[in-house]
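The residues making up each chain are set out below.
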Amino acid sequence: MASAGQMYPREGAGLGESLSSSGSSDNLNSFAVNRVLMEFLAYFGRAMVVLYPVYLTGYLGLSVSWVLLCMVMVTWWKKNRQWKDARIGTAIDFVDNETYVVNKELEGALQMASWVHFSDVEKVDWVNKVLEQAWPFFGMYMEKLLKENIQPSVRLSSPALKMFTFTKVHFGHVPPRITGMKAYTHEVDHREVILDMNISYEGDVDIDAEVQAPITAGVKGLKLGGMMRVILEPLIGQAPLVGGVTFFFIRRPTLEINWTGMTNLLDSPAFSSLSEGTIMDIIASLMVLPNRMCVPLIDQVKVDQMRFPLPRGVVRVHLLEARDLMAKDTYMMGIVKGKSDPYATLRVGNRHFKSKTIKENLHPRWNEVYEFVVHEAPGQELEVEVFDEDTDKDDQLGSFNLDFGEVKKEVEMDKWFPLEAVQSGEVHLKLQWFSLQTDPSLLRESSDGLACAMLSVYLDNASNLPKDRKEIGEHHKHGKHSKEARLTKRTAAPNSYVEFSIDEDIQKSKVVFSNKDPKWEEGFTFFVHSVRTQQLVVQVKEHEKKNQLGVLNLPLSRLLQASDMTFDQRVPLERSGANSQIKLKATLRVLAIEKPPPKIVLNPPEDKQLRARTNQEANASLATPNAASSAALSPNTVPAAQSVSPTRLAENQNGPDETWRSPSSTPNMRRYDSHSLLSENSMASSRFDVSEGASYPEAIRKHQGSFGEIQLTLRYAILRNKLIVLVNSCRNLFRFSESGTDSYVRLYFLPDQSWIHRKRTQVKKRTVNPVFNHKFEFDVSLEEAQTRKLDVSVKNGKMFHSRERKDIGMVLIDLSQLDLTKGITEWFELTLPGLKK
């Protein structure tokens, strides 16, 4: 893979990391040397504590049983101590965060649906009533489908399954439930409607099958959950108003199966993951992107365009490096902490890649490039997971998801993404969005092995395929079929599939059994590196013997001169029967990167003058509160960042999908200067803290950089008349210790300043990138909410016994500047009033 620019590695880990805080020996000081020596003495002391009793036992000639007994006693003491510490810690956390714990348990017990949390997701109870009424008839349809279509196909798939029979098919009395539905109308084409439905199915399915007497298999009970996208297109001016329905899962759904009969073995730990993984692959081959289920409602709709439309674009992902990963490898019973052997996995739908493994490194550099075809943006996500490679089971070092809609909007992204569900760790990615063009002049072949074009192939059907190679040989030898061949072809037909290949990239279609005129109706995509030299090789093969039944070679350069760079026709097969033909559609598209949209940047000199004037006013306001109030109300003191630009208003008018962003996205960041905390409505920012009136810690007063950022989601639920505030996460907070910071978030909905109106999250320990995902609701009308402000402060949760202030950073959000009905998810910069920078 090609390197994406010059990297700047962070060297050292473990003890070596202590030698320098920035990877350079120039910053070495006496404090660092003393710390290294103390760590070395601590390791040496622990080793002596463990090894000296062993040496003493051998020196005195005692039995090794004493050593084993001591180890058992120490292990028992440690386990007992951990159990006690866990109980005490759980009790303390419950006392500190009683409200949060109770609400969390209630949510889990009641299984609250997504429409409770997000007002743009509708409850749609009427759909569930329709499903409940129609479910018995759906069971009748599925029973007929399984016995008339699936059962013959299974019998033909293998000689060992010739007696396969469904003895019982019952889909139960519990229908699936739609826990929430979201409709997209403004963000899509005017001739289509897109629905996202959250499906939850926990049914009493009872299906039994007889493989070969007395071998039986079956399923009794099924759980399925995921988000299904339904597309109604095209909208037409005659009945039934919709030309067709397409539905699919954007991401793999979750699946749990209760097996019966001989398949009970699949419930065992050794087989369950294998069996469910295999079944998930089958489901993915049918209903997970890029595969779709299509139901045309009128004859004029082309099935190939519905089932396999052209992708939205291509995303090139540069997996560059990671930093601050957790050390999972330990030695000498955990006394000595080692490093990790990290590798990363990237998944988009069914396409999955694994990077190389970097041995013993907490700051690995991969410099690898991967390319993904994107069919739905927004919708499809890049799933990145980092693991520590071990001989038994790999340990997870964190993960994160990124919606490709953000990449499409930004065109180019080069940033660090914090890993979730871990104390520390970030991954550096560079992402590029390529649009699909039909202009051959834009073709730029790369010398580093990256794709310059994309080929989309839709395989429709074939006709008059020979039964086997013998029939082909008889035809070429005699010019016509022999008597035996003529008799055989009436009673047998080939089990065929199609193999596509461009150089070493090989993809296969499904198998169609016992059919001389098979219909596959499948789509495939290929990345092209050299249009003028590469060609698409199409081979029709037998399923069992893998023998060729026909071949077709299609040079890609032929598509450059074709209309719309598309080849769509029925062509004869070479080395096949006399009338053997195949019908396919091949579309070539050039990859072209667009220019990123212009970004509005504040004038640096004006920004510096504004911050200087802000700090002066802040210092004056601390001494004279009345002056602070008048200064805050003056129009001259309103920060420029708080005014909503016309570009921002235009973005908000594009619909909820443009503003409701995932926690990992940071486009068009809006920063609110924290000097506005000194307004008359926000004087209570720390009034009810124990450390009120105290000064900031010395480390904060000397800090010259950023105090970090906080991501908030603000949205007004009109149906429930509530203002919803989601505290998502923070990043790059001020680090109070080597292990990180114990932080929590405090909110006031101004002008409510009393103790009972104080809202706070739970404490996240030992991390500078905490993830809270805490939701607060305020009972207030929309008109009143637009006249109030939200006072947010991130605080240090470890300074309860200190007279110093606990604030890490603050921000004040003027709700009158936001469109609360559409909602917004933004990163806000944390600052502290009264500190000169």
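Scope of this entry: the structure provided in the associated data block. Since the structure is predicted, the reported quantities are computational estimates derived from the model, not experimental observations.

Examining the pairing of strand 15 (residues 395-403)
Thought 1: Across eight bridges, strand 14 (residues 381-388) lies against strand 15 in antiparallel orientation. Pairing of Phe387 across the sheet is with Gln396, part of strand 15.
Thought 2: Hairpin geometry of strand 14 and strand 15 is characterised by an intervening segment of six residues between the two adjacent antiparallel strands.

With respect to the nonpolar core
Thought 1: Membership of the largest hydrophobic core comes to 36 residues, with the highest contact counts inside it found for Ile710, Leu714, Leu723 and Leu820.
Thought 2: Where this core is concerned, the elements lending two or more residues are strand 26 (709-717), strand 27 (722-731), strand 28 (741-750), strand 31 (771-779), helix 18 (782-785), strand 32 (789-796), strand 33 (807-814) and strand 34 (824-829).
Thought 3: Apart from the residues lying within four places of it in its own chain, the contact partners of Leu820 are Leu714, Arg715, Tyr716, Leu723, Leu782, Ala785, Gln786 and Leu815.

Digging into the pattern of salt bridges
Thought 1: Inspection of every chain in the model, using the stated rule, returns 23 salt bridges.
Thought 2: Here Asp196 and Arg229 are joined by a salt bridge, their closest N and O atoms 2.8 Å apart. Here Asp196 is found in strand 3 (residues 193-212), whereas its partner Arg229 is found in strand 4 (residues 215-232), with 33 residues between them in sequence. Neither Asp196 nor Arg229 differs from the other in exposure class; each is buried.
Thought 3: The salt bridge involving Arg788 is made with Glu784; its shortest N-O contact spans 3.0 Å.
Thought 4: With relative accessibility at 38%, the residue Glu784 sits in the partly exposed group.
Thought 5: One salt-bridge network, in which partners are shared between bridges, spans Asp196, Arg229, Arg292, Arg312 and Glu376.

Description of the sheet that holds strand 23 (residues 548-555)
Thought 1: Pairing is antiparallel across the open sheet formed by four strands, whose spatial order is 20-19-22-23. In this open sheet, the two edge strands, each paired with only one partner strand, are strand 20 (505-508) and strand 23. In this sheet, neighbouring strand axes are inclined to one another by 15° on average, regardless of whether the strands run parallel or antiparallel.

What about helix 6 (residues 125-157)?
Thought 1: The end-to-end C-alpha separation of helix 6 is 42 Å, well short of the 48 Å expected for 33 residues at 1.5 Å each.
Thought 2: Its axis deflected by about 50° at Ala134, helix 6 carries its strongest bend there, up to four residues before the proline Pro136.
Thought 3: Where helix 6 is concerned, the buried positions are Val127, Asn128, Trp135, Gly139, Met142, Leu146 and Gln151.
Thought 4: Looking at the buried positions of helix 6, the neighbouring elements they touch are strand 1 (165-170), strand 2 (177-184) and strand 3.

What counts as what
- Residues numbered from 1 in each chain as written.
- Predicted model: local features only at pLDDT ≥ 70, side-chain atom pairs only at ≥ 80, totals over all residues.
- Heavy atoms only, no water.
- Pairing = 2+ DSSP bridges.
- Helix = DSSP H or I, 4+ residues; strand = E, 2+ residues; numbered from the N terminus.
- Core = buried A, V, L, I, M, F, W, Y, C linked by side-chain atoms within 4.5 Å.
- Buried < 20%, exposed > 50% of the residue type's maximum accessible area, 1.4 Å probe, protein only.
- Contact = heavy atoms within 4.5 Å.
- Salt bridge = Lys/Arg side-chain N within 4 Å of Asp/Glu carboxyl O.
- Axes fitted to C-alpha atoms, helices over the stretch in contact; angles between N-to-C directions.
- Expected span 1.5 Å × (residues − 1).
- Bend = angle between axes of the 7 residues up to and from the residue.

The quantities given are spatial measurements derived from coordinates; they are silent on function.
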